[in-house]
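# Chain and residue survey
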Amino acid sequence: MNLKQQEKYFHHLLETKDLKTLKSEAKDMNEADLAEILEDFNSHDSLLIFRMLPKDLSIEVFTYMTPSQQIQLVQSVTDKELQELLDDLFLDDRVDLLEEMPAGLVTKFLSKAPAEERKLLNQFLQYPEDSAGSLMTIEYVSLEPEMTVKEAMAYIKENGMKKETIYTCYVVDERKKLLGFVSLRDLVIADPYEKIEDIMLEDVVFVETTEDQEEIGDMFTKYGYLAFPVVDREHRLCGIITFDDIMEVLEDEATEDFHRMAAINPSDEDYMDETPMDLAKNRIPWLLILMISATVTGSIIHHFDTLIGEFIILTSFIPMITGTGGNTGSQSSTMVIRGLATGEIEWEDMLPVMWKEMRVGLIAGTFLAIVNFLRLVFLTSTSFTVALTVSLTILCTVILSKLLGAFLPITMARLGLDPALMAASFITTIIDSVVLIIYFSIAGMILLR
């Protein structure tokens with residue numbers, strides 16, 4: 001059965017108090033699916049099902065829960081259960097949870113943690129929120145270069161269950177300086193008495209503790225690795241960042257870009273957890289800015305009152321012209337913003353991108369202008385000169401909109417700002433003003449001759 005059917009079945013089992021069957025069903029489910037199902041239960045029922053799970057499964061389910069689910073669960077369990085839960089989490093997951101927990105609970109947990117662990121957690125919590133240091137885990141396998149393959153395999157077998165990943169093992173010296181890495185695959189097929197230093201790869205791609213998470217996400221996309229080592233300024237291995245952690249970062253970054261592209265202040269809260277007032281507060285500032293900036297359009301129209309008074313028909317084409325400009329500009333800006341996000345487009349590509357978009361605008365603009373001209377001349381009573389004015393404006397509008405849609409996001413990225421700000425909302429507002437100036441200027445040249 002699918003997840004919706006499974007959820008309904010769980011509700012039925014709770015209503016009929018068939019907890020034995022519920023426990024049996026839950027323990028055989030995939031942890032990610034179970035976390036998704038629990039999201040739709042109230043806090044009491046969610047906690048009841050969570051407590052039925054085997055310990056190992058409950059830890060896995062917890063790591064797949066949303067931050068709001070985790071906090072709700074943390075606030076519902078006993079102190080003893082919370083302590084056991086945190087103790088069983090990998091360090092990076094524990095740090096993530098502590099960052100989301102209320103300050104009182106964090107202080108309470110840290111006060112009961114062993115001194116060495118408390119020092120380590122405090123160190124992690126002090127890294128900048130969006131840095132490699134805040135994302136990394138120390139649950140990795142490190143090997144010494146003098147070890148034989150046989151000794152390394154024995155070490156992995158003894159300690160591997162406590163580590164988050166064993167697929168890549170990092171080689172360090174006595175000062176923990178990163179020397180290289182070796183994959184589990186290479187260890188399995190190597191001669192048992194060969195030394196690690198003889199089979200390790202020294203060309204290690206690494207990140208520093210202060211590296212920004214967005215840049216790390218780009219590196220995972222570029223290299224396709226399962227994990228990256230994190231080093232300090234002395235090139236000592238501090239931890240690793242695994243692919244599952246960076247996936248959450250990429251999702252957050254994509255969500256933040258979507259918000260900005262829609263002229264909404266980004267929020268860390270889930271949509272369903274936010275109140276209407278919270279949502280309104282995130283939207284009103286940008287709506288206010290866009291509304292005020294749109295008054296420029298009114299000023300431009302007012303400036304051409306005389307021309308409009310003589311040719312009132314011109315006003316009927318304004319929505320079509322500004323709409324076409326906004327749509328074509330949004331197409332270009334969306335493609336360019338995506339290219340900037342993936343690293344496909346950089347500042348040096350400005351001229352080639354604009355040249356390409358200008359040619360696209362010329363082709364698309366010419367086609368739209370011809371179709372519009374024929375429509376106005378043969379299907380309406382519009383005069384030849386007005387039809388020509390509108391059609392030439394459309395051609396110029398499409399070309400200019402394509403150029404602005406490429407130029408503005410790249411410029412924003414060059415200035416160190418988020419190019420997503422130059423998405424549909426702002427592009428449309430800017431283009432509306434420019435297009436109206438072009439429209440009435442062309443109308444003046446053709447109609448007032």
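I will try to describe carefully the structure that is included in this document. (Residues numbered from 1 in each chain as written. Predicted model: local features only at pLDDT ≥ 70, side-chain atom pairs only at ≥ 80, totals over all residues. Heavy atoms only, no water.)

## Looking at the overall build of the chain
Check the secondary structure of the chain and you find 23 helices and 6 strands. Put simply, the chain has 449 residues, and 44% of those count as buried. In the chain, the share of contacts with a sequence separation of at least 24, taken over all contacts with a separation of at least 6, comes to 66%. Element-wise, carbon and sulfur atoms account for 58% of the exposed surface of the chain, whose accessible area totals about 24800 Å². (Helix = DSSP H or I, 4+ residues; strand = E, 2+ residues; numbered from the N terminus. Buried < 20%, exposed > 50% of the residue type's maximum accessible area, 1.4 Å probe, protein only. Contact = heavy atoms within 4.5 Å. Areas by Shrake-Rupley, 256 points an atom, 1.4 Å probe, with all protein chains shown as cover.)

## A short note on the pattern of salt bridges
Here the structure, examined in full by the defined rule, presents 4 salt bridges. Asp232 is the partner of Arg236 in a salt bridge, and the nearest nitrogen-oxygen pair spans 2.9 Å. Arg236 sits in the partly exposed class, given a relative accessible area of 32%. Where salt bridges share partners, they join Asp232, Glu234 and Arg236 into one cluster. (Salt bridge = Lys/Arg side-chain N within 4 Å of Asp/Glu carboxyl O.)

## Topic: the nonpolar core
Phe10, Leu34, Ile49, Val61, Phe62 and Met65 are the most contacted members of the largest nonpolar core, which totals 30 residues. Of all elements in the fold, only helix H1 (3-15), helix H2 (19-27), helix H3 (31-38), helix H4 (43-52), helix H5 (55-64), helix H6 (67-74) and helix H7 (79-88) reach the threshold of two or more residues within this core. Residue contacts for Ile49: discarding those within four places in its chain leaves Phe10, Leu14, Leu22, Ala26, Leu38 and Phe41. Within the second largest apolar cluster, 27 residues are counted, among which are Phe311, Leu376, Val390 and Leu436. (Core = buried A, V, L, I, M, F, W, Y, C linked by side-chain atoms within 4.5 Å.)

## Some details on the sheet that holds strand E5 (residues 227-231)
Two strands in a sheet stick together by hydrogen bonds in their backbones, pointing the same way (parallel) or opposite ways (antiparallel). Taken together, 3 strands build an open sheet; the order of strands is E4-E5-E6 and the sheet is mixed. Two strands lie at the open edges of the sheet, namely strand E4 (207-208) and strand E6 (237-242), each paired on one side alone. The pairing of E4 with E5 spans 2 bridges and is classified as parallel. Bridge assignment links Glu208 to a residue of E5, and that residue is Val231. The sheet strands contacting helix H15 (residues 213-223) are E4, E5 and E6, and the helix crosses E5 at an angle near 135°. (Pairing = 2+ DSSP bridges. Axes fitted to C-alpha atoms, helices over the stretch in contact; angles between N-to-C directions.)

## Quick look at the packing of helix H20 (residues 318-342) against helix H21 (residues 350-379)
Helix packing for two helices is described by the angle between their axes and how far apart those axes are. Where H20 contacts H21, the axes come no closer than 12 Å and their chain directions differ by 155°. Relative to H21, the element H20 is oriented roughly antiparallel. When you trace H20 past H21, the crossing you get is right-handed. Contacts between H20 and H21 involve Met320, Thr324, Ser332 and Val336 from the first element and Val353, Glu357, Leu368, Asn372 and Arg375 from the second. Here the contact of H20 with H21 is composed, by residue class, of 4 nonpolar, 3 polar and 2 charged. (Parallel < 35°, antiparallel > 145°, perpendicular 65-115°, else oblique. Left-handed = near helix turned anticlockwise from the far one by under 90°. Nonpolar A, V, L, I, M, F, W, Y, C, P; charged D, E, K, R; others polar.)

## A short note on the packing of H1 against H2
At a closest axis distance of 8 Å, the pairing of H1 and H2 adopts a crossing angle of 150°. Compared by their axis directions, H1 and H2 come out roughly antiparallel. In this structure, H1 crosses over H2, and the sense of that crossing is left-handed. Residues Gln6, Tyr9, Phe10, Leu13 and Leu14 of H1 lie in contact with H2, whose contacting residues are Leu19, Thr21, Leu22, Glu25 and Ala26.

## Focus: the packing of aromatic side chains
Scanning all chains against the criterion turns up 9 aromatic pairs. The interplanar angle of 25° and the centroid separation of 5.0 Å between the aromatic rings of Phe304 and Phe440 together place this pair among those described as stacked. Of this pair, Phe304 sits in the loop between helix H18 (295-303) and helix H19 (305-310) while Phe440 sits in helix H23 (residues 424-447), and the two are 136 residues apart along the sequence. Take Phe304: its relative accessible area is 17%, and that puts it in the buried class. Classification of Phe440 by relative accessible area gives buried; the value is 1%. Here the aromatic residues Phe220, Tyr223, Tyr225, Phe228 and Phe243 are joined through ring pairs into a cluster of three or more. (Phe/Tyr/Trp six-rings, centres within 6.5 Å; stacked < 30°, edge-to-face > 60°.)

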